[in-house]
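Coordinate inspection notes
Each chain is listed here by its residues.
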Amino acid sequence: MPTSPEAPVSPQMAAVLAMVAPAAPGLAQVPADRCAEALGLTGVTVSALTRGRSLELIWHAPADTLGAALEDLQYTLGEGPSLECVHHNRAVLEPDLARTPETRWPVFLPDALHVGAGAFFAFSLRIGAIQLGVFAGYRTRPGALGPQQYRDALAFTDSATYLLLGGVPGARGRRDPLADLATLHRAEVHQATGMLSVRLRISLDEALLAIRTEAFSSGRPILDVARDVIVRREPPDVPSAD
């Protein structure tokens, strides 16, 4: 769906973009639900790319539990549109998840449809070859983005890239959005990973794999499994290192 960089945004998206204060730009100033409404979507999220090439959810509407759940599913399962967007450095537009070939995301698709997602769109936040994260949106019903909605999504992607770039390490006067563990959506997962690593004397990678495996095999949200580890309930089985 080609579009011109000079194509005007809609009045609704212009109002969303106007919420960013030039003196102290940040995604926190922009209500995610207003952005979703401007794009005709049920919800939108922004995830930052970590040094380990995983995606960390850093922005979504507080009431948007489904948007967070869809990103958590991809984090747990290791596949999905947001991750494909990062791996191939291009937008992923799926207007009807029920018609998406099962072989594309064989584990993610059934779970995404089960929790109520009907369409999913992911845009790479990047400057040239430098990837910063993903701007994603979903609908609970199938439906493609219209031409104006697509232009608006690209406009917000550009703005989100600028806002995220202002928060990466080394940017003058800005704070790394991944540096403050307490503000991260998956703060408890990171905390549980460290605790399980020390408790069982295993590496952080093994501890995180154990938590992800337990979440997948039990069908429980990864945050619930992490909370069990934190309160010292029976820890998940540790997969063999072989």
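Residues numbered from 1 in each chain as written. Predicted model: local features only at pLDDT ≥ 70, side-chain atom pairs only at ≥ 80, totals over all residues. Heavy atoms only, no water.

Examining the pairing of strand β4 (residues 119–127)
Burial analysis of β4 places 7 of its 9 residues in the buried class, which makes it a mostly covered element. The pairing of strand β3 (residues 92–94) with β4 spans 3 bridges and is antiparallel. Of the residues in β4, the one forming a bridge with V92 is A122. Across 9 bridges, β4 lies against strand β5 (residues 130–139) in antiparallel orientation. Residue pairing across strands places A119 opposite R139, the latter belonging to β5. (Buried < 20%, exposed > 50% of the residue type's maximum accessible area, 1.4 Å probe, protein only. Helix = DSSP H or I, 4+ residues; strand = E, 2+ residues; numbered from the N terminus. Pairing = 2+ DSSP bridges.)

Things to note about the pattern of salt bridges
This model, assessed by the stated rule, comprises 4 salt bridges. A salt bridge links R104 to E94, with the nearest nitrogen and oxygen atoms 2.1 Å apart. Here R104 is found in the loop between β3 and α5 (108–115), whereas its partner E94 is found in strand β3, with 10 residues between them in sequence. Taking relative accessible area as the criterion, E94 reaches 11% and is therefore assigned buried. Taking the shortest distance from any N to any O, the salt bridge between D96 and R99 comes out at 3.3 Å. Of the residues examined, D96 reaches a relative accessible area of 19% and is grouped as buried. Residue classification places R99 among the exposed residues on the basis of a relative accessible area of 70%. Bridged by salt links that share partners, the residues E84, R90, E94 and R104 form one connected network. (Salt bridge = Lys/Arg side-chain N within 4 Å of Asp/Glu carboxyl O.)

Things to note about the sheet that holds strand β2 (residues 55–60)
The strand order β2-β1-β5-β4-β3 describes an open sheet built from 5 strands, whose pairing is antiparallel. Here the strands that pair on one side only, and so sit at the sheet edges, are β2 and β3. For this sheet, the mean inter-axis angle between neighbouring strands, taken without regard to orientation, is 20°. In this structure, strand β1 (residues 43–49) lies alongside β2, joined through 5 bridges in antiparallel fashion. Pairing of T45 across the sheet is with H60, part of β2. Most of the contacts of helix α6 (residues 147–165) go to β4, to which it runs at about 45°, and overall it touches β1, β2, β3, β4 and β5. (Axes fitted to C-alpha atoms, helices over the stretch in contact; angles between N-to-C directions. Contact = heavy atoms within 4.5 Å.)

Remarks on the nonpolar core
Counting residues in hydrophobic clusters, the biggest one holds 29 residues, and the most contacted among them are C35, L39, V44, W59, F135 and F156. Listed by contribution, the elements that provide at least two residues to this core are α1 (11–17), α2 (32–39), β1, β4, β5 and α6. Considering each element in turn, this core owes the most residues, 6 residues, to α6. Setting aside residues no more than four positions away along its own chain, V44 makes contact with A32, C35, A36, L39, W59, H60, A61, D64, F135, A136 and G137. Of all hydrophobic cores here, the second largest spans 21 residues; its members include L55, L83, W105 and F108. (Core = buried A, V, L, I, M, F, W, Y, C linked by side-chain atoms within 4.5 Å.)

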